[in-house]
Amino acid sequence: MLGSSPGNKQPIFSQATSSLISLVVVVSLSVLLMYLDRRHAYLDTLRTGMTTLVYPIQRAVDLPVRGGRWLVRSLVNQQTLLDENLTLRQQRLEDQHKLQSLAELQAENERLRALLESAARVPEQVIVADLLSVDLDPFSHLILLDKGTRGGVRVGQPLLDAEGVMGQIVETGPFSAYAMLITDPNHALPVRVHRNGLRGIAFGTGFTDQLELPDLPVNADIREGDLLVTSGLGGRYPEGLPAAIVTEVVRDPTDDFARITARPTAMLDRSREVLLVVSRSRVTTEAEPDGTTTATDIVSDEATAKDAPTEEMPAAETITSQDDSSPDQSPDNPDNEQTDDTPEDGDTR
Amino acid sequence: MAGLSPGVFAGSLIVAFILTILPLPEWAAPYRPYWTALVMIYWCLSFPGQIGVLASWLVGLLVDVLTGSPLGLHGLGLAIISYITLILHRRARLWPLWQQAFVVTALLLNDRVIALWIRGLIGQNTGGWEYWASPVVSGLLWPWVHSMLNALQTRSRRS
């Protein structure tokens, strides 16, 4: 039955030639597509359309996993829930205490900034999104979110979890969005050392637990255990978010640069829910009246941020993401000048 | 002689797509067979007049979007796979399944070599020897995939 096919009716040479022609055509088209896709944004509409096409399949794969998780959740026994509740309660008490002092510090920071006549920091709004349980290309570090342009997600928005920076949105469809993790080899993250403000760029390595900082000099003041926070240069990531902890510093005297590796603080391979930071605007002239967010605000925000559209951003629905009030953000520290000439960092290369 | 049934064709592709992104534990992920390629090889082998290089390329583009790969990476790979399959199909259809399985493994290894070049150019980390495991697993699964698709196709044509 299988032996005969319409192909047999044609002479073999014409068929082989025609497939050779189409092969040459599609191979050149593929190369062109890969080049354009990587270097330019011309293909965004094409990609968005195709993303919508494959979204039902991704959703279908995610569904049983989600169902399984729901089943596990509904079958936990009461004791576990009580224990968890108790821990969370204690955690909340501690957090509330911290938030109270934070509100105080923020007000103080605003006053000092006003005195210095520098632009006030703008608190950001966040969107909460779930990850879809699908395996994407195993050789790039991408994750798929269950919110797209309909949910207010835009290309370039930074992605956080509770512990730190995760990555940024690289592609959006109407209902889903792809985010690149900071460990992707094509990702560069502008950071500074929390201890002394030394600036550098953390590049992804392709391993989920490793970043590297290749452009700090051998004598740079950086050591194991240092916390790296985002420096805000490049304008993509908000300033002062925890990003990584330095795990190893190798100083080879024959080399100009130290070999520094760091481990991301965010749980890149385990987080299920992520926060997307919606920056209000790049122009930060208007002062934000709601600088003192209280703990109750945040709790209600978590609930409302899920379906809050981004266009109108009422002041009550804001969460300030800058939780550190670090003393050093002035760019005139002479030690830091060497890495200042990198305005395009924070982008994907 | 009736051609391929569109329903079975589309269904096999959807199942292949689902298996492509189905979450696997981390240790098993490198061994994931290249389902889409297996399915496309079957259709190219059985219906060379209808499923050709162009169709495989379009399917490959869908795989790229599905997995978030650089657009054109899987398209290029599947187009080359289907071209070689089309050249071989007269001989390959007469071979026993186990012999076909070897050829499928070789085809997919070749595909991995091409992908290695491209990923190297892009700067992606392809890891160690596990990179070459997937074609072998795919080859082992070929007889099974072939028989199943063949049975489905035959049944749909009879009814």
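All values reported here derive from a predicted model rather than from experimental measurement.

Visitor: Describe the packing of aromatic side chains, with residues and values.
Guide: All names here are of chain B. This structure, assessed with the given rule, holds 7 aromatic pairs over all chains. An angle of 90 degrees between the planes, with centres 4.9 Å apart, marks the rings of Y131 and W132 as edge-to-face. With relative accessibility at 33%, the residue W132 sits in the partly exposed group. Three or more aromatic residues joined by ring pairs form one cluster here, namely F9, Y42, W43 and F47. One cation-aromatic arrangement involves R112 over Y131; the distance from NZ or CZ to the ring centre is 4.7 Å.

Visitor: Lay out the confidence of the model for chain B with the relevant residues and their values.
Guide: Model confidence for chain B is summarised by a mean pLDDT of 89, while 98% of its residues fall at 70 or above. Mean pLDDT across the secondary structure elements of chain B bottoms out at helix α6 (residues 133-158) of chain B, with 90, and peaks at helix α2 (residues 35-46) of chain B, with 93.

Visitor: Provide a residue-level description of helix α4 (residues 73-92) of chain B, including the pertinent values.
Guide: For an α-helix, the turn length of 3.6 residues means that residues three or four places apart are oriented alike. Residue and element names in this part refer to chain B. With 20 residues, α4 extends 26 Å between its outermost C-alpha atoms, agreeing within 8% with the 28 Å of an ideal straight helix rising 1.5 Å per residue. Taken as a whole, α4 carries its principal kink of about 40 degrees at L86. Burial runs high along α4: 16 of the 20 residues are buried.

Visitor: Can you explain the sheet that holds strand β2 (residues 142-145) of chain A? Please cite residues and give values.
Guide: In sheet architecture, strand pairing relies on hydrogen bonds along the backbone and comes in two forms, parallel and antiparallel. Residue and element names in this part refer to chain A. Sheet architecture is open: 6 strands sit in the order β1-β12-β3-β4-β5-β2, paired in antiparallel fashion. Looking along the sheet, the strands with just one partner apiece sit at the ends: β1 (125-130) and β2. The mean inter-strand angle of the sheet, taken between neighbouring strand axes irrespective of direction, is 35 degrees. Against the sheet, helix α2 (residues 44-75) makes contact with β1, β2, β4 (165-172) and β5 (177-181), and its axis sits at roughly 130 degrees relative to β4, the strand it touches most.

Visitor: Outline the sheet that holds strand β8 (residues 211-213) of chain A, listing residues and values.
Guide: Residues and elements named next belong to chain A. The sheet built from 6 strands closes into a barrel, its strands ordered β6-β7-β8-β11-β10-β9 with antiparallel pairing. On average, each strand axis in the sheet is inclined to that of its neighbour by 40 degrees, with strand direction left out of account. Examined bridge by bridge, strand β6 (residues 188-193) and strand β9 (residues 227-230) share 3 bridges and lie antiparallel to one another. Each bridged residue has a counterpart across the sheet, and for V191 the counterpart in β9 is T230.

Visitor: Let's hear about the interface of chain A and chain B: which residues, and what values?
Guide: When the parts come together, some accessible area is lost, and that loss is often what is quoted as the size of the interface. Each partner contributes residues to the interface: chain A has 49 residues there, and chain B has 50 residues. Taken together, chain A and chain B are joined by 2 salt bridges. Measuring nitrogen to oxygen at the nearest pair gives 3.1 Å for the salt bridge that ties D137 of chain A to R119 of chain B. Linking chain A with chain B are 11 residue pairs in polar contact (both at pLDDT 80 or more), by the criterion used here.

Visitor: If you had to explain the domain arrangement of chain A to someone new, which residues and values would you point to?
Guide: All names here are of chain A. In terms of domain boundaries, chain A breaks down into domain 1 (78-184 + 269-317) and domain 2 (188-267 + 333-339). Where domain 1 abuts domain 2, roughly 1,800 Å² becomes buried across the two surfaces, and 59% of that area is made up of carbon and sulfur atoms. Of all residues in domain 1, V165, I182 and T183 give up the largest surface area on contact with domain 2, accounting jointly for 32% of the area buried on that side. One can count 0 salt bridges joining domain 1 with domain 2. Connecting domain 1 to domain 2 are 8 residue pairs in polar contact (both at pLDDT 80 or more). The set of elements that each furnish at least two residues to the side of domain 1 that touches domain 2 consists of β3 (158-160) and β4. Here the side of domain 1 that touches domain 2 takes 4 residues from β4, the largest share from any one element. Class assignment of the residues belonging to the side of domain 1 that touches domain 2 gives a composition of 6 nonpolar, 7 polar and 8 charged.

Rules of the game
Residues numbered from 1 in each chain as written. Chains lettered and ligands numbered in written order. Predicted model: local features only at pLDDT ≥ 70, side-chain atom pairs only at ≥ 80, totals over all residues. Heavy atoms only, no water. Phe/Tyr/Trp six-rings, centres within 6.5 Å; stacked < 30°, edge-to-face > 60°. Buried < 20%, exposed > 50% of the residue type's maximum accessible area, 1.4 Å probe, protein only. Lys NZ or Arg CZ within 6 Å of the ring centre and 35° of its normal. pLDDT = per-residue confidence, 0-100. Helix = DSSP H or I, 4+ residues; strand = E, 2+ residues; numbered from the N terminus. Expected span 1.5 Å × (residues − 1). Bend = angle between axes of the 7 residues up to and from the residue. Pairing = 2+ DSSP bridges. Axes fitted to C-alpha atoms, helices over the stretch in contact; angles between N-to-C directions. Contact = heavy atoms within 4.5 Å. Salt bridge = Lys/Arg side-chain N within 4 Å of Asp/Glu carboxyl O. Polar contact = N/O pair within 3.5 Å; in protein donor to acceptor, adjacent residues only side chain to side chain. Domains from an automatic or database assignment. Buried area = accessible area lost by both parts, 1.4 Å probe. Nonpolar A, V, L, I, M, F, W, Y, C, P; charged D, E, K, R; others polar.

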